[in-house]
Amino acid sequence: MTLENDDQLEKLKAIGVIVRKAIDAMEQAIEPGMTTAELDEIGAAVLESHGARSAPQLAYDFPSATCISVNDEVAHGIAGPRVLQDGDMINIDVSAEKDSLFADTGRSSIVGKGTPELEELCAATKATLRKAIYAARAGVRVNQIGRVVEREARKHGYNTIRELSGHGVGASIHEEPNIPNYNDPNAREKLHRGHVIAIEPFLTKGIGEIFEMDDGWTLKSTDGAIAAQYEHTVVITKGAPLIIT
């Protein structure tokens with residue numbers, strides 16, 4: 001989506017605040033012994049209280065309001081009876097719609113006390129997202145963002161998950177362009193002012209390959225490795241992008 005006026009920007013900012021509030025509430029509530037369904041209910045309640053609708057439910061009839069992935073579940077995990085354990089890695093991805101505009105955000109964190117390895121993975125992925133956001137400016141080709149993600153991942157000793165990528169967002173939850181997490185020579189579309197995109201690097205110590213589970217949604221690493229993801233919706237400008245979430 002390309003923003004066309006200030007009214008659209010204000011509405012986009014509004015849904016950005018809502019999804020941020022939802023993920024903040026969920027992250028603050030995380031503790032060993034709770035189920036992912038209980039965590040999802042917290043996010044769903046925040047969305048409902050602000051008049052927003054879960055984007056994955058709206059667009060794809062997803063089974064839960066948010067995506068909650070644990071350990072070697074890399075993305076699109078379904079909230080349910082799974083009990084969180086001390087030391088688990090958990091990824092929460094919240095996307096929602098209000099006033100016909102969508103925003104998308106995600107974070108990984110550790111349940112209780114984590115290992116130094118998991119803490120380093122989270123820190124490196126968060127730092128990679130910051131660098132990727134800074135690189136996203138009007139006139140930049142989308143593969144340049146992927147080049148930054150891949151370079152930063154390797155600098156920290158990680159691989160990216162190439163099958164998962166960022167994307168356009170705004171008028172719907174997933175739009176063109178695809179924002180690769182590696183230097184894809186075919187991804188040559190240029191970003192332009194007002195472009196709304198979601199940038200979401202996935203980093204792992206594993207080989208970076210995934211498969212879909214029998215539930216038809218959850219994506220797991222083929223080698224059992226844990227991955228981290230951080231995501232923001234941003235609006236492209238001539239300078240540093242505007243972070244919506």
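Residue positions within a chain follow its written sequence, with the count starting from 1. Reporting of local features is limited, given that this is a predicted model, to residues whose pLDDT is at least 70; pairs of side-chain atoms are given and counted only at 80 or more, and all residues count toward the totals for whole chains, interfaces and linings. In computing side-chain values, all of the structure's heavy atoms are included and hydrogens and water are not.

1. Some thoughts on the pairing of strand S4 (residues 89-98)
Next, step 1: Residue exposure (1.4 Å probe, protein chains only): buried if accessible area is under 20% of the type maximum, exposed if over 50%, otherwise partly exposed. Strands are runs of DSSP state E lasting at least 2 residues, helices are runs of H or I lasting at least 4, and numbering of each runs from the N terminus. The element S4 is extensively covered by neighbouring structure, given that nine of its 10 residues are classed as buried.
Next, step 2: The rule for pairing is simple: two strands pair if DSSP sees at least two bridges between them. For strand S2 (residues 67-70) and S4, the ladder comprises four bridges, and the chain directions are antiparallel. Bridged to Cys67 within S4 is Asp93.
Next, step 3: The pairing of S4 with strand S5 (residues 101-110) spans 10 bridges and is antiparallel. By the bridge assignment for S5, Ala96 is matched with Ala103.
Next, step 4: Remark: two residues form the turn of the hairpin made by S4 and S5, two consecutive strands paired antiparallel; Asp99 in that turn has positive phi of roughly 55°.

2. Some words on the pattern of salt bridges
Next, step 1: The term salt bridge refers to a pairing of a side-chain nitrogen on Lys or Arg with a carboxyl oxygen on Asp or Glu at a separation within 4 Å. Taken as a whole and judged by the stated rule, the model has 12 salt bridges.
Next, step 2: For Glu97, the salt bridge is made with Arg53, and the minimal N-O distance between the two is 2.9 Å. Here Arg53 lies in strand S1 (residues 53-54) and Glu97 lies in strand S4, a separation of 44 residues in the sequence.
Next, step 3: On the basis of relative accessibility, which here comes to 46%, the residue Arg53 falls in the partly exposed class.

3. Digging into the sheet that holds strand S15 (residues 242-243)
Paired through backbone hydrogen bonds, the strands of a sheet run either parallel or antiparallel to each other.
Next, step 1: An order of S8-S7-S9-S14-S15 is seen for the five strands of this open sheet, with the pairing classed as antiparallel. One side of each edge strand has no neighbouring strand; the edge strands of this open sheet are strand S8 (175-179) and S15.
Next, step 2: As defined by bridge partners, strand S14 (residues 232-235) adjoins S15 across two bridges and the pair is classed as antiparallel. By the bridge assignment, Val234 is partnered in S15 with Ile243.
Next, step 3: Contact definition: two residues touch when any of their heavy atoms are within 4.5 Å. Axis definition: a line fit to C-alpha positions, over the contact stretch in the case of helices; interaxial angles, taken between N-to-C directions, run 0 to 180 degrees. Contacts from helix H5 (residues 142-155) reach S8 and strand S9 (196-199), with the element oriented near 40° to S8.

4. Overview of the nonpolar core
Next, step 1: As used in this record, nonpolar core signifies buried Ala, Val, Leu, Ile, Met, Phe, Trp, Tyr and Cys residues forming a set joined through side-chain atoms within 4.5 Å. With 35 residues, the main nonpolar core has Leu12, Ile15, Leu39, Ile90, Ile92 and Val94 as its most contacted residues.
Next, step 2: Broken down by secondary-structure element, the contributors of at least two residues to this core are helix H1 (6-29), helix H2 (36-49), S2, S4, S5 and S9.
Next, step 3: No other element matches the eight residues that H1 contributes to this core.
Next, step 4: In contact with Ile90, not counting residues within four places along its chain, are Ile30, Leu39, Ile68, Ser69, Val70, Leu84, Arg107, Ser108, Ser109 and Val111.
Next, step 5: Counting residues in each nonpolar core, the second largest holds 25 residues, with Leu121, Val149, Ala153 and Ile236 among its members.

5. Quick word on the packing of aromatic side chains
Next, step 1: Centre distance within 6.5 Å is the pairing criterion for rings of Phe, Tyr and Trp, where only the six-membered ring of Trp is used; planes under 30 degrees apart are then read as stacked, over 60 as edge-to-face, and the remainder as tilted. A complete count under the given rule lists one aromatic pair for this structure.
Next, step 2: Between Phe62 and Trp217, the aromatic rings sit 5.0 Å apart at their centres with planes inclined by 85°, giving edge-to-face as the arrangement. Residue Phe62 is located in the loop between helix H3 (55-60) and S2, and its partner Trp217 is located in the loop between strand S11 (210-212) and strand S12 (219-221); the two are separated by 155 residues in the primary sequence.
Next, step 3: Here Phe62 falls in the buried class, since its relative accessible area comes to 5%.
Next, step 4: Ring-over charges, as used throughout, are those where CZ of Arg or NZ of Lys falls within 6 Å of the ring centre and within 35 degrees of the ring normal. The aromatic ring of Tyr134 is capped on one face by Arg137, whose charged end is 4.3 Å from the ring centroid.
Next, step 5: The ring of Tyr158 is capped by Lys205, whose NZ or CZ atom sits 4.9 Å from the centre of that ring.

6. Here we look at the sheet that holds S12
Next, step 1: The antiparallel open sheet is built from three strands, whose spatial order is S3-S12-S11. Across the chains shown, the open sheet's two edge strands, defined by having one partner strand only, are strand S3 (73-75) and S11. Looking at each pair of strands side by side, their axes are set apart by 45° on average, direction ignored.
Next, step 2: Pairing of S3 with S12, which is carried by two bridges, proceeds in the antiparallel orientation. Bridging across to S12, Glu73 finds its partner in Lys220.

7. Describing the environment of Glu27
Next, step 1: Relative to the helices and strands, Glu27 resides in helix H1.
Next, step 2: For Glu27, a relative accessible area of 29% puts it in the partly exposed group.
Next, step 3: Taking C-alpha positions, Glu27 is 9.5 Å from Gly43, a pair spaced 16 residues apart along the chain.
Next, step 4: Excluding residues within four positions of it along the chain, Glu27 makes contact with Ile92, Arg107 and Ser109.

Coordinates in, geometry out; function isn't part of it.
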